[in-house]
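Working through the structure, step by step
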Amino acid sequence: MPDYMYLLESRLSPEQRAVLERVQELARSQEMNVYLTGGAVRDLISGQPIRDLDFTVEGNPVRMVRELEKGGARVLSENEKLRHYELIFAGDADGSIVSARDDVYERPGAKPEYRFAGIMEDLRRRDFSINAIAISLNAQSRGLLLDPTNGLADLERQEVRALSIHAFTNQPIRLLRILRYCARMSFTMESRTQEWFDLAMERGMQEHIDALDVGNELRAISREENAAPALKQWESRELLAVIHDELQRRKPDYDALNKLSRMRMNFLEAGIRPRLRDATTLYILRRLKPREVTSILRNLDYSQSEINAIMELPDKAREIVKILKSRKTETPRDAYFYLAALPPEMMAFLEAEIPDARAVSKIRNYLQKWRPLRLALPVAELDALGVPRGPKFDQILEQMFEKQLRGKAKTPEERTKLLRDLAGIKEEPPKKLEKKRKGKEAVAPAESPAKSAKGTLKGAQPSPTAGRPAKGVAVAAASGPVKQPAKQSAPAHKAAKAAPHPKAVAAKKSRRK
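Now for a description of the structure that goes with this document. By convention here, each chain's residues receive numbers from 1 onward along its written sequence. Where totals are concerned, whole chains, interfaces and linings use all residues; where local detail is concerned, this predicted model gives features only for residues with pLDDT of at least 70, and gives and counts side-chain atom pairs only at 80 or more. Working from all heavy atoms in the structure, the side-chain values ignore hydrogens and water.

1. Quick notes on helix α15 (residues 290–299)
How we decide: Exposure classes here rest on a 1.4 Å probe applied to the protein chains alone. A residue is buried below 20% of its type maximum, exposed above 50%, and partly exposed in between. Numbering of helices and strands runs from the N terminus; a helix is a DSSP stretch of H or I covering at least four residues, while a strand is a stretch of E covering at least two. To obtain the arc, one takes the directions from the helix axis to the C-beta atoms.
Val293, Thr294, Ile296 and Leu297 are the residues of α15 that are buried. Mapping the buried residues of α15 onto a view down its axis gives an arc of 160°, with all of them on the same face. In α15, the exposed positions angled more than 90 degrees off the buried face are occupied by Arg291, Arg298 and Asn299. Aspartate 301, located one to two residues past α15, shows a positive phi value of around 70°.

2. Description of the layout of surface pockets
Which entries qualify depends on this criterion: Grid spacing is 1 Å over the protein atoms alone, the probe is 1.4 Å, and a cavity is where that probe fits but cannot get out, while a pocket is an open set with protein on both sides within 12 Å along at least five of seven lines and lining residues have an atom within 4 Å of a point. Grid points are joined across faces, edges and corners, and a volume is the space filled by probe spheres set on the points. The classification used treats Ala, Val, Leu, Ile, Met, Phe, Trp, Tyr, Cys and Pro as nonpolar, Asp, Glu, Lys and Arg as charged, and all other residues, Gly among them, as polar.
Quantified by volume, the second largest pocket comes out at close to 620 Å³. Taken together, 24 residues make up the lining of the second largest pocket; nearest its centre are Asp92, Leu268, Gly271, Ile272 and Arg273. Elements represented by at least two residues in the lining of the second largest pocket include exactly α2 (14–29), α18 (332–340), α19 (344–353) and α20 (357–375). Split into classes, the residues belonging to the lining of the second largest pocket amount to 12 nonpolar, 4 polar and 8 charged.

3. Here we look at empty space enclosed by the protein
Going through the model one piece at a time under the given rule, you end up with 1 cavity of 30 Å³ or more. Of the voids in this model, the largest cavity is the one considered here, and its volume is about 50 Å³. Lining the largest cavity, in full, are Glu224, Glu225, Asn226, Ala227, Leu257, Leu260, Ser261, Arg264, Leu276 and Thr280. Ranked by the residues each element gives to the lining of the largest cavity, the list is headed by helix α13 (residues 254–269), at 4 residues. Here the lining of the largest cavity is built from residues that sort into 4 nonpolar, 3 polar and 3 charged.

4. A closer look at the sheet that holds strand β1 (residues 33–37)
Applicable threshold: One bridge is not enough; two strands pair if DSSP finds at least two bridges between them. Here a residue-residue contact requires only that any non-hydrogen atoms of the pair lie within 4.5 Å. An axis is simply a line fitted to the C-alpha atoms; with a helix, the fit covers only the stretch in contact. Between two such axes, the angle follows the N-to-C directions and lies from 0 to 180 degrees.
With respect to topology, 7 strands assemble into an open sheet ordered β3-β4-β5-β2-β1-β8-β9, the strand pairing being mixed. What marks the edges here is a single partner per strand, and that holds for β3 (74–79) and β9 (145–146). Sheet analysis places β1 next to strand β2 (residues 52–58), joined by 4 bridges and oriented antiparallel. Bridging from a neighbouring strand, leucine 36 pairs with phenylalanine 55 of β2. Each of β1, β2, β4 (84–89) and β5 (93–99) is contacted by α2, which is oriented at about 10° to β2, the strand it contacts most.

5. A short note on the side chain of arginine 174
Selection rule: In summary, the charge assignment counts Lys and Arg as positive and Asp and Glu as negative, without counting His or the chain termini. When a carboxyl oxygen of Asp or Glu lies within 4 Å of a side-chain nitrogen of Lys or Arg, that pair is called a salt bridge. Under this definition, polar contacts are N or O atom pairs within 3.5 Å; protein pairs additionally need one hydrogen-donor-capable and one acceptor-capable atom, and for neighbouring residues in sequence, both atoms have to be side-chain atoms.
Its place among the elements puts arginine 174 in helix α8 (residues 174–185). Of the side chains bearing the opposite charge, aspartate 127 lies closest to the buried arginine 174, which forms no salt bridge; the N-O distance is 4.8 Å. Here the side chain of arginine 174 touches alanine 167 through a polar contact of 3.2 Å, landing on its backbone oxygen. Here arginine 174 is in contact with Arg125, Arg126, Asp127, Phe128, Ala167 and Phe168, once residues within four sequence places are set aside.

6. Side note on the pairing of β4
Inspection of the sheet shows β3 paired to β4 by 5 bridges, in the antiparallel sense. In the sheet register, asparagine 79 faces β4, and the bridge partner there is histidine 84. Here β3 folds back onto β4, and the loop between the two strands holds 4 residues, one of which, arginine 83, carries a positive phi near 55°. Where β4 meets β5, 6 bridges bridge the pair, whose relative direction is antiparallel. In the sheet register, isoleucine 88 faces β5, and the bridge partner there is aspartate 94. Linking two consecutive strands that pair antiparallel, namely β4 and β5, is a turn of 3 residues; a positive phi of about 95° is found at glycine 91 within it.

7. Side note on the nonpolar core
Here is the rule: Among buried residues, the Ala, Val, Leu, Ile, Met, Phe, Trp, Tyr and Cys ones that are joined through side-chain atoms within 4.5 Å form a nonpolar core.
Ranked by size, the top nonpolar core spans 123 residues in total, and within it Phe55, Met64, Ile97, Ile178, Leu231, Trp234 and Ile243 carry the most contacts. Take this core: its biggest share by element is 8 residues, from α8. Those residues in contact with phenylalanine 55, other than ones at most four positions away along the chain, are Val19, Leu20, Val23, Val34, Tyr35, Leu36, Thr37, Phe89, Ser96, Ile97, Val98 and Leu137. With 6 residues, the next largest nonpolar core counts Tyr35, Ile119, Ala132 and Ala134 among its residues.

8. Some thoughts on unusual backbone geometry
Positive phi is not limited to glycine here, since aspartate 92 has a value of about 70°. Here aspartate 92 is to be found in the loop between β4 and β5. Judged by its relative accessible area of 43%, aspartate 92 is partly exposed.

9. Let's talk about the packing of aromatic side chains
For clarity, the cut-off: Classification of ring pairs uses Phe, Tyr and Trp, with its six-membered ring standing for Trp, and accepts pairs whose centres are within 6.5 Å; under 30 degrees between planes counts as stacked, over 60 as edge-to-face, and the remaining range as tilted. For a Lys NZ or an Arg CZ to count as sitting over a ring, it must be within 6 Å of the ring centre and within 35 degrees of the ring normal.
Applying the stated criterion across every chain yields a total of 8 aromatic pairs. Ring plane angle 35° and centroid distance 5.6 Å describe the contact between tyrosine 336 and tyrosine 366, whose orientation is recorded as tilted. A residue pair is termed long-range when its members are at least 10 positions apart, and tyrosine 336 in helix α18 and tyrosine 366 in helix α20 qualify at 30 residues. The pair tyrosine 336 / tyrosine 366 is uniform in exposure class, with both members buried. An aromatic cluster of three or more residues is present, and its members are Tyr336, Phe337, Tyr366 and Phe401. Positioned above the aromatic ring of tyrosine 181, the side-chain terminus of arginine 180 is 5.1 Å from the ring centre. Here arginine 374 stacks its cationic end above the ring of phenylalanine 401, 4.8 Å away from the centre of that ring.

Shown next as C-alpha cells:
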C-alpha cells in the first residue's frame, strides 16, 4: 500500500504534490472520499510523464472546486450535469475533478442515463481497462490500489482492452480515442478489442460520432506531446473526415507539428511546460481555408474566445518578432524581461513558425543562459554577508543580475567580491604573520638544553679532564663508553650531560694547586 504513495510522491512535481495534499485536505474537511483516477494512475504505473491530476470524489465536488478557486485555481470548463470540472490548479498544474457515476444504457447505442454512484461502479463503466485504475487518497485506505478490471495486466502486456462488446457502439468516439492511446504509448489493441474495433468500422459507427465529442477529442489530441503519430493513425483509417471531409484530403501539417514537438521538448528541458493546444489545433487545420477553419471550430462547439486565440496566433507572433528585432530589446536585460513576460507557448510557437535568426537567438539565450542566471541569484550568499532583506537587498540582486548578463562574476570568488562591492562591505585585511623573536624569547623545552650546551662548548678551553665526569653529574652506564661532547652526531641532550660546568673545572684546578 505505501509503495504506490511513495511512487506517486516521487514522480510528481512539487506543484503537483501541493495540489494532491490540498485536495486530500479539502476532502477530509468536507467528509468526502477522493481517489486519484484515470490517466494519472495509468501514466504513473506505465512510467509515462504524469501530465494531469484527475480526481474522482464520491459526492458533489462543487464546494471543493470553489475552495480551490479561492486558492488560485482556474476553471477551464465545467459540466454541472456530469459534475465534471477541468482546472488549472494553483502552481500551474493541470487536472480535473469529477463525481463518481455509473452510465446506464437502455440499449446499445442509446444515450446513457447518468447515475451518481461509488468508485467501483465508476471504474467499471469506463472505456478501457488501463483507464479503470484508481489509488485511494483517504485516511483509512491511503495508497490502496483499486483495479476491478485487471488493468495492471494490460499495462504490463502493453495492450489497450475495451471493457464491453458494446464499447464502440455506445460511444463511437472511442474509435478515435483508442488509436490516440495506442499512438501515444506505443501499445496495441487486445485481440478481441481489435475485432470489436474492426466490426464497428465496418458498420460505419464513425459516421454517428457527435460533434461535441469530436470537439472534445480534438482538444485532447491538441494536448498530446506530439499529435502527429495519432493523426496519422486517424488518417490511415480515414477518420480525419470525422473532423472535416477536406482535412482527410489535404492532411494536417505534420512537419510543423513535429517541429512544434521539438520546441516543446526544449522548453521542458529548461523547466518550462508550454501549453501548445492552440498552436497544435492551428497546425492540424492550417491547410484549410480560414473560413473553413472557423466554421469547423464552431461546429465542434468551440467558444469564440477559443477560436480567436487559435486564429490570431500568427499575427501575434509576427508582432513579437518585430519587437525582438527592435532597439527595445537590444540589451540582454531588456530582452530578458520582455521574454519573461510572454507566455511560454507563444515563444515556442514563434520559434517553430517564424525562424528569424535574431529572435530565435534571444529566445534560446533566455532558455539556456538568462533564465538559469535569474533562478540562481545569490540570495543565500547575500544573506550570509549580513545584508538585511528589503529594498536595498532586492536592488543589489538586480544589479548583480545585470552584471552577470554582461558576462561578469562567473566564478564563486568573483561573485562574492562583486556582492561585497555592491553592498558596500569592505574586505577584511589579510592577517600578518608574527615574526619570531630571537635572543631571549622563550622556545620549546626540547631545544633549550641543546642551545645552552652548544654555547658552553664554544666558550670552554681544552682540558685533559674534559672527558671525565664531574661530581654531581650523571654518567653513562659502565657497559658503554661515554660519548664525547665534541662529536656533532651525538644528540643535544646527551651532549649537555657529558660537558662539565666551567665553575666545576675552575674549582678542581684550585684544589690541586
